[in-house]
Amino acid sequence: MITTREEVLENALRVFGRMNYEKASQVEIAKACGLSKAGLVYYYPLKLDLFVAVADKYVFGMQSVANKFRFTAGSLLEFIDQYIAGVERTMSRLITLFDDGNNPAGCSLNFYYFHLLMQVRLYYPDVKKKIAAIFRQDYEIWTEAIQAAKKNGEIRQDLDEKDVALIFRQMFLGLSFEQAFLEGLDSKLLKQKLLFVYKLLKA
């Protein structure tokens, strides 16, 4: 039996991750929560209200730089380690949330999160600016780390910071998306590839 708004959000996350927004009815979500439709409506009167709350918490909240990463001053090499650690923490939390023992399609749990992201892009009101802001934060932290690495002589001086930030960021996004269709992101492989790029940049 659901007793808190937090539990409603967790169950709704799993439903929206596995079903298209149109198909995920309030009745279906209520069933996943162990509630009647009236019980669900007590927490969130409209399905869109619930969807927005799920996206705010598990997409925009979890993907914000402030919540995802714990950076301390250091080298670009240390930044990469801390970036990977933040990715692993976030991924571990999401996998725990999605892993309810119900996976008839046999998809990786990472895949359901990407599916949720697609739904957010389609149905979250005025979403483009919010998504752009999340992406911009990530590019900015990479750019700042690369600028610092150039300043302290860790990497080559002829490098364009924004181009290098793009390479690191796209390496992460590309592997995350591709591997979601298989077994899910392998953070060890991600680290290996980011370190390969790092070696190419060394002064």
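Residues numbered from 1 in each chain as written. Predicted model: local features only at pLDDT ≥ 70, side-chain atom pairs only at ≥ 80, totals over all residues. Heavy atoms only, no water.

**Concerning helix α1 (residues 5-18)**
Working step 1: Here α1 is 14 residues long and its end C-alpha atoms lie 20 Å apart, about the 20 Å a rise of 1.5 Å per residue gives.
Working step 2: If you check which residues of α1 are buried, you get Val8, Leu9, Asn11, Ala12, Leu13, Arg14, Val15, Phe16 and Gly17. (Helix = DSSP H or I, 4+ residues; strand = E, 2+ residues; numbered from the N terminus. Expected span 1.5 Å × (residues − 1). Buried < 20%, exposed > 50% of the residue type's maximum accessible area, 1.4 Å probe, protein only.)

**Re the environment of phenylalanine 168**
Working step 1: Relative to the helices and strands, phenylalanine 168 resides in helix α9 (residues 161-180).
Working step 2: Separated by 25 residues in the primary sequence, phenylalanine 168 and threonine 143 have C-alpha atoms spaced 9.9 Å apart.
Working step 3: Look past the residues within four positions of phenylalanine 168 in its chain and what remains in contact with it is Ile80, Trp142, Ile146, Leu194, Val197, Tyr198 and Leu201. (Contact = heavy atoms within 4.5 Å.)

**As for the nonpolar core**
One broad rule of soluble globular proteins: the nonpolar side chains tend to lie buried together.
Working step 1: Membership of the largest hydrophobic core comes to 38 residues, with the highest contact counts inside it found for Phe16, Leu50, Phe60 and Val120.
Working step 2: Secondary structure elements with two or more residues in this core: α1, α2 (26-33), α3 (37-43), α4 (47-61), α6 (76-98), α7 (109-123) and α8 (128-151).
Working step 3: With nine residues, the top contributor of residues to this core is α4.
Working step 4: Beyond its immediate stretch of four places on either side in the chain, phenylalanine 16 contacts Tyr21, Ala24, Ile29, Lys47, Leu50, Phe51, Val54, His115, Leu116 and Gln119.
Working step 5: By size, the runner-up hydrophobic cluster in this structure holds 27 residues, among which are Tyr83, Met91, Ile155 and Phe168. (Core = buried A, V, L, I, M, F, W, Y, C linked by side-chain atoms within 4.5 Å.)

**Overview of the pattern of salt bridges**
Working step 1: Tallied over the entire structure, the rule returns nine salt bridges.
Working step 2: Two residues, glutamate 161 and lysine 150, come together in a salt bridge whose shortest N-O distance is 3.5 Å. With glutamate 161 in helix α9 and lysine 150 in helix α8, this pair connects stretches of sequence that are 11 residues apart.
Working step 3: A relative accessible area of 22% places glutamate 161 in the partly exposed class.
Working step 4: A relative accessible area of 12% means that lysine 150 is categorised as buried.
Working step 5: A single salt-bridge network, built from bridges that share partners, covers Arg14, Arg18 and Asp100. (Salt bridge = Lys/Arg side-chain N within 4 Å of Asp/Glu carboxyl O.)

**Overview of the side chain of glutamine 63**
Working step 1: You can see glutamine 63 is positioned in the loop between α4 and α5 (65-68).
Working step 2: Classification of glutamine 63 as buried rests on a relative accessible area of 18%.
Working step 3: In this structure, glutamine 63 is in contact with Lys68, Thr90, Leu94, Tyr113 and Ile134, ignoring residues within four places of it in sequence.

**Here's the deal with the packing of α4 against α7**
Working step 1: In the contact formed by α4 and α7, the axes pass within 11 Å of each other and the chain directions differ by 125°. Put simply, α4 runs oblique to α7. Between α4 and α7 the crossing geometry is left-handed. Here α4 contributes Leu48, Phe51, Ala55, Tyr58, Val59 and Phe60 to the contact with α7, which in turn contributes Tyr113, Leu116, Leu117, Gln119, Val120 and Tyr123.
Working step 2: Here the residues of the contact of α4 with α7 are counted per class, giving 11 nonpolar, one polar and no charged. (Axes fitted to C-alpha atoms, helices over the stretch in contact; angles between N-to-C directions. Parallel < 35°, antiparallel > 145°, perpendicular 65-115°, else oblique. Left-handed = near helix turned anticlockwise from the far one by under 90°. Nonpolar A, V, L, I, M, F, W, Y, C, P; charged D, E, K, R; others polar.)

**Notes on the packing of aromatic side chains**
Working step 1: This structure, assessed with the given rule, holds 19 aromatic pairs.
Working step 2: Taking the centre distance of 4.7 Å and the plane angle of 20° together, the rings of phenylalanine 69 and tyrosine 83 count as stacked. Here the residue phenylalanine 69 occupies a position in the loop between α5 and α6, and tyrosine 83 occupies one in helix α6, the gap between them amounting to 14 residues.
Working step 3: Exposure remark for tyrosine 83: the relative accessible area of 0% places this residue in the buried category.
Working step 4: Judged by centre distance (5.7 Å) and plane angle (90°), the rings of tyrosine 83 and phenylalanine 172 are edge-to-face. (Phe/Tyr/Trp six-rings, centres within 6.5 Å; stacked < 30°, edge-to-face > 60°.)

**Concerning the environment of leucine 173**
Working step 1: Inspection of the secondary structure puts leucine 173 in helix α9.
Working step 2: A sequence separation of 50 residues divides leucine 173 from tyrosine 123, and the C-alpha atoms of the two residues are 22 Å apart.

Functional significance is not addressed by these values, which are geometric in nature.
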